[in-house]
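The lines below spell out each chain.
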Amino acid sequence: MSEYKHNIDSKGRLIIPAKIREQLGENFTITRGLDGCIYAHPEEEWKEFQGNLKKLPIADPKARRYVRFFTSGSTPCEVDKQGRFLIPQTLRDYAKLKKEVIISWNIDKAEIWSKERWDEINAFEDMDDIALDLLEKGYIF
């Protein structure tokens, strides 16, 4: 699905690229993501993700924090006629979104990054080492 560079407007709205909007649908949920980005889940994926979160043991403090991390920051979104949606200030602050953002598709969800954070975390210079590590752990083939 590639990656797309867009700008957030002064009201905190962001245009979703047409190809990603096809995957997300007109209604989706955004929440905090790992690595300092925002996740945008299609409705069905969000329901499945919540179902998986419900399976975590409530007695485990780390599990409770993990669930809280995703659910307390979640916001349902609807795309307007111009293809935009509003990112709440709390999520913009979390992801350090200012003006330039990168939107990418990651298997089952979109990720929204500040341009600076995207460039920092996704330099991909260590990909050979990561691939070997994952291969040794049996995660990739």
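Coordinates for the structure precede this section.
Attention here is on the structure that accompanies the text. Here the residue numbering is sequential within each chain, running from 1 through the sequence in written order. Residues qualify for local features only when their pLDDT is at least 70, as the model is predicted, and side-chain atom pairs are given and counted only at 80 or more; totals for whole chains, interfaces and linings, by contrast, use all residues. Water and hydrogen atoms were dropped before computing side-chain values, which therefore reflect all heavy atoms in the structure.

## Digging into the packing of aromatic side chains
For step 1, the next point in the chain: By convention, a stacked pair of Phe, Tyr or Trp rings (six-membered ring in the case of Trp) has centres within 6.5 Å and planes under 30 degrees apart, an edge-to-face pair has planes over 60 apart, and any other such pair is tilted. For the structure shown, the criterion picks out eight aromatic pairs.
For step 2, the next point in the chain: Consider the rings of Trp 46 and Phe 49, whose centres lie 5.7 Å apart with planes at 40°: the pair is tilted. Here the residue Trp 46 and the residue Phe 49 both occupy positions in helix H2 (residues 43–54), the gap between them amounting to three residues, near one helical turn. Of the two residues, Trp 46 and Phe 49, both sit in the buried class.
For step 3, the next point in the chain: Arranged with centres 5.6 Å apart and planes meeting at 70°, the rings of Trp 113 and Trp 118 form a pair that is edge-to-face. Each member of the pair, Trp 113 as well as Trp 118, is classed as buried.
For step 4, the next point in the chain: The structure contains a cluster of three or more aromatic residues connected by ring pairs, namely Tyr 39, Trp 46, Phe 49, Tyr 66, Phe 69, Phe 70 and Tyr 94.
For step 5, the next point in the chain: Consider the ring centre and the ring normal. A charge sits over the ring if Lys NZ or Arg CZ is within 6 Å of that centre and within 35 degrees of that normal. A cation sits over an aromatic face here: Arg 32 above Phe 69, 5.8 Å from the ring centre.
For step 6, the next point in the chain: Sitting over the face of the ring of Tyr 39, Lys 109 holds its NZ or CZ atom 4.8 Å from the ring centroid. Only DSSP runs of H or I with at least four residues qualify as helices, and only runs of E with at least two residues qualify as strands; both kinds are numbered from the N terminus onward. Relative accessibility decides the category of a residue: with a 1.4 Å probe and only protein chains considered, values under 20% of the type maximum give buried, values over 50% give exposed, and everything between is partly exposed.

## Looking at the nonpolar core
Most often, soluble globular proteins have nonpolar side chains that are buried together.
For step 1, the next point in the chain: Counting 21 residues, the largest nonpolar core has Phe 28, Ile 30, Phe 85 and Ile 87 as the members making the most contacts within it.
For step 2, the next point in the chain: Within the residue set of this core, elements represented by two or more residues are helix H1 (18–24), strand S3 (27–32), strand S4 (38–42), strand S7 (100–106) and strand S8 (109–114).
For step 3, the next point in the chain: The leading source of residues in this core is S7, at three residues.
For step 4, the next point in the chain: Between two residues, a contact is recorded if the distance between any of their heavy atoms is within 4.5 Å. Once you skip the residues sitting within four places of it in the chain, Ile 30 turns out to touch Ile 38, Tyr 39, Ala 40, Gly 73, Ser 74, Thr 75, Cys 77, Phe 85, Leu 86, Ile 87, Pro 88 and Leu 91.
For step 5, the next point in the chain: With nine residues, the next largest nonpolar core counts Cys 37, Trp 46, Ile 102 and Trp 118 among its residues. Nine residue types can take part in a nonpolar core, namely buried Ala, Val, Leu, Ile, Met, Phe, Trp, Tyr and Cys, and a core is a set of them joined through side-chain atoms within 4.5 Å.

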